[in-house]
Amino acid sequence: MAALMKIRTIFVFTHESIGLGEDGPTHQSVEHTASLRLIPGLEVWRPCDSKESLIAWSAAIERHAPSCLLFSRQNLPFQTRTAEATRNITRGGYVLSEAGGKPSAVIIATGSEVQLAMGAQKVLAEQGIAVRVVSMPSTSVFDRQDAAYRASVLPKGVRRIAVEAGVTDIWRKYVGLEGAVLGIDRFGESAPAGDLFKYFGFTVDNLVAQVKSVL
């Protein structure tokens, strides 16, 4: 109703994805993020750290329509950014970390999975594979950007891998038929968060393998 009536309401969701832990799959919202993104007129933000959270909160306050802020239960590391990258957070998706040369692939990540993307980038760089990391806290905001900007973030002809601890379908439009999505298309399990992420393959090693599989 808030989206239909364009009411400026800020919905704050916490404990998102499988990271809730021991409370079981009924409390692990693997489908909620994707469901919220499908509601017309609703802006959904899934920040990866305090800087993205601040920008998302500001955008929600300034917007004359509802917004959702989705937060992890886990403590997430602060990501170092250039001034340009910080400015581009407002565009929904941006280059968080450059490959250091022409990228062989692009990893698109949100929320708690951004740290996995950064870890995978480091491992791949040590193996001579240059990978760009794109943080996309808001898909709808990114989709509204002009074509030139979107192409500068996700260049044509470069393989893409998306990673998010939720259902995978929404990411297919970004990675295409030749890309890959590391996600979860089933409900979770009841266990400590760290064990769950390992069990479902949300690890740096598995993401590295996913990147290599599309090259």
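Provided above is the structure to which this section pertains.
So, how was this worked out
Residues numbered from 1 in each chain as written. Predicted model: local features only at pLDDT ≥ 70, side-chain atom pairs only at ≥ 80, totals over all residues. Heavy atoms only, no water. Helix = DSSP H or I, 4+ residues; strand = E, 2+ residues; numbered from the N terminus. Rg over C-alpha atoms; globule rule 2.2 N^0.38 Å. Buried < 20%, exposed > 50% of the residue type's maximum accessible area, 1.4 Å probe, protein only. Contact = heavy atoms within 4.5 Å. Areas by Shrake-Rupley, 256 points an atom, 1.4 Å probe, with all protein chains shown as cover. Lys, Arg positive; Asp, Glu negative; His and termini not counted. Charge placed at Lys NZ, Arg CZ, Asp CG, Glu CD. Pairing = 2+ DSSP bridges. Axes fitted to C-alpha atoms, helices over the stretch in contact; angles between N-to-C directions. Salt bridge = Lys/Arg side-chain N within 4 Å of Asp/Glu carboxyl O.

A. Seen up close, the overall build of the protein chain. Within the protein chain, the secondary structure is distributed over ten helices and eight strands. Radius of gyration (C-alpha) of the protein chain: 16 Å, near the 17 Å computed for a compact globule of 215 residues. Oriented by its inertia axes, the alpha-carbon framework of the protein chain measures out at about 50 × 45 × 30 Å. Among the 215 residues that make up the protein chain, the fraction classed as buried is 53%. Taking as baseline every contact in the protein chain between residues at least 6 positions apart, the subset at least 24 positions apart corresponds to 73%. Looking at the protein chain as shown, the accessible area adds up to about 10200 Å², and 56% of this sits on carbon and sulfur atoms. In the protein chain, the 23 positive side-chain charges and the 21 negative ones have mean positions that sit 7 Å from each other.

B. Main features of the sheet that holds strand S4 (residues 94–97). Ordered in space as S4-S6-S5-S7-S8, the five strands form an open sheet in which the pairing is mixed. The open sheet has two edge strands, S4 and strand S8 (180–182), and neither has a second partner. Going across the sheet, the axis of each strand differs from the next one's by a mean of 30°, ignoring polarity. By the bridge criterion, three bridges tie strand S7 (residues 159–163) to S8 in an arrangement that is parallel. For Val163, the partnering residue across the bridge sits in S8 and is Leu182. Across the sheet, helix H5 (residues 114–126) touches S4, strand S5 (105–109) and strand S6 (131–135), and the angle it forms with S6 is around 170°.

C. Expanded view of the pattern of salt bridges. Throughout the structure, instances matching the rule amount to twelve salt bridges. Linking Arg91 and Asp146 is a salt bridge whose minimum nitrogen-to-oxygen distance equals 3.2 Å. One end of the pair, Arg91, is in the loop between helix H4 (83–88) and S4; the other, Asp146, is in the loop between helix H6 (139–143) and helix H7 (147–153), with 55 residues separating them in the sequence.

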